[in-house]
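Residues per chain, in single letters:
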Amino acid sequence: MNIDTTGIQRSHIRNSVIAVIALVMLVAFWPLTSVPTGYRGVITVGGAIKSLKEEGYVLLWPWEKKVDFNIRAEQADVEKAEGSTLDTQPVNVSLTVRYSISLDRVTEVYEKYSHDGNLASYVQTATAEVFKAVTARYTATDLIAKRSSVSTDISALLRDKMKVFGAQIISIDMRNFSFSPSYMAAINEKVTQEQLRQAADNKLKTVESEQKQKVAVAEAEADAARKTADGEAYAQLKIATAQADSLKIQNAALAQNKDVLELRRIEVELEKARKWNGALPTSIYAGAPIPFLNLEKSSR
């Protein structure tokens, strides 16, 4: 029995070719695709927008085309934006603007402004215009002193401008805020003089405070001394008053009762008699009391 090996080989080759062609066709026209995270899938047919797909798998037919549209926050740098202050001082600044595409306006932005969500050129142009408009409202001094207000005004105007392009402003950072070299030198000199003035004022206030403290201490010490002297004088007055009252009472008592005075005199004489050593006085004055005599000793 003869087997046609040539025919079998041809059949295998044909099947292999068909399988490869089928695989290529399957890969080329596979309807399942995906939208990455942070994007929206804009589906077009013949260039016209058909639908908008969120992140995840998407069925895409051969006649449809998908474009990944970025909806994440993006950054636009504006270097050395120029402006002029209310007092005609030239000023420039570098800004960093963070923005994103409004989700409800993706198809509008895709159709009118950008196929991938990049609006950096629009943001840069709008920011430069807004900076000129805002700086014209402030004097050079106010631009420095009220930097937060300046940033707020720029943000408000830029949000209004970028709404037209379907973008929302997330934040604005100002960098390298500067004036002309001559004006910056004048500002530095003014700041230096102000610092010196404040230092002198602080020193004067310190001296005044020290002097007030010294005066307060002296007044307190004088008040304490005065109160101490008043207290001592008052105490002495009270003692003298008490002594005087005591003498008045004693004198009054003596005047009212002469017997008490006589009793006191007798007590004094008795005390003298107890202390007498037996020697008689060599002379007796008139009216003087006669001393007691020790008769026992004299008889002996």
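Summarised in this report is the structure supplied together with it.

Regarding the overall build of the chain
In step 1: The secondary structure content of the chain amounts to 8 helices and 8 strands.
In step 2: Within the chain, the fraction of its 300 residues that count as buried is 22%.
In step 3: Taking all contacts inside the chain whose residues are at least 6 apart in sequence as the whole, residues at least 24 apart take part in 64%.
In step 4: When the accessible surface of the chain is totalled, it reaches about 21,600 Å², and 57% of it is carbon and sulfur.

Details of the pattern of salt bridges
In step 1: Using the criterion set out here, one finds 10 salt bridges in the structure.
In step 2: For Lys-66, the salt bridge goes to Asp-68, with nearest N and O atoms at 2.8 Å.
In step 3: The closest approach of N and O atoms between Glu-108 and Lys-112, which form a salt bridge, is 3.7 Å. One end of the pair, Glu-108, and the other, Lys-112, are both in helix 2 (residues 106-112), 4 residues apart, so they sit about a helical turn from each other.
In step 4: The class of Glu-108 is partly exposed, set by a relative accessible area of 24%.
In step 5: Shared partners join several salt bridges into a network, and the residues in it are Arg-105, Glu-108 and Lys-112.

Topic: the sheet that holds strand 8 (residues 167-179)
In step 1: A sheet is described by the order of its strands in space; here 3 strands give the open sequence 6-7-8, paired in antiparallel fashion. The open sheet has two edge strands with one neighbour each: strand 6 (74-84) and strand 8. Direction aside, neighbouring strands of the sheet carry axes that sit 20° apart on average.
In step 2: Sheet topology note: the strand 7 (residues 90-101)/strand 8 ladder contains 10 bridges and is antiparallel. The residue of strand 8 that forms the bridge with Val-97 is Ile-172.
In step 3: On the sheet, helix 5 (residues 147-163) packs against strand 7 and strand 8 and is oriented at approximately 140° with respect to strand 8.

So, unusual backbone geometry
In step 1: Phi at Lys-80 takes a positive value of approximately 55°, unusual for a residue other than glycine.
In step 2: Looking at the secondary structure, you find Lys-80 in strand 6.
In step 3: Of the residues examined, Lys-80 reaches a relative accessible area of 61% and is grouped as exposed.
In step 4: One non-glycine residue, Thr-88, lies in the positive phi region at around 60°.
In step 5: Taking relative accessible area as the criterion, Thr-88 reaches 62% and is therefore assigned exposed.

The rules behind the values
Residues numbered from 1 in each chain as written. Predicted model: local features only at pLDDT ≥ 70, side-chain atom pairs only at ≥ 80, totals over all residues. Heavy atoms only, no water. Helix = DSSP H or I, 4+ residues; strand = E, 2+ residues; numbered from the N terminus. Buried < 20%, exposed > 50% of the residue type's maximum accessible area, 1.4 Å probe, protein only. Contact = heavy atoms within 4.5 Å. Areas by Shrake-Rupley, 256 points an atom, 1.4 Å probe, with all protein chains shown as cover. Salt bridge = Lys/Arg side-chain N within 4 Å of Asp/Glu carboxyl O. Pairing = 2+ DSSP bridges. Axes fitted to C-alpha atoms, helices over the stretch in contact; angles between N-to-C directions.

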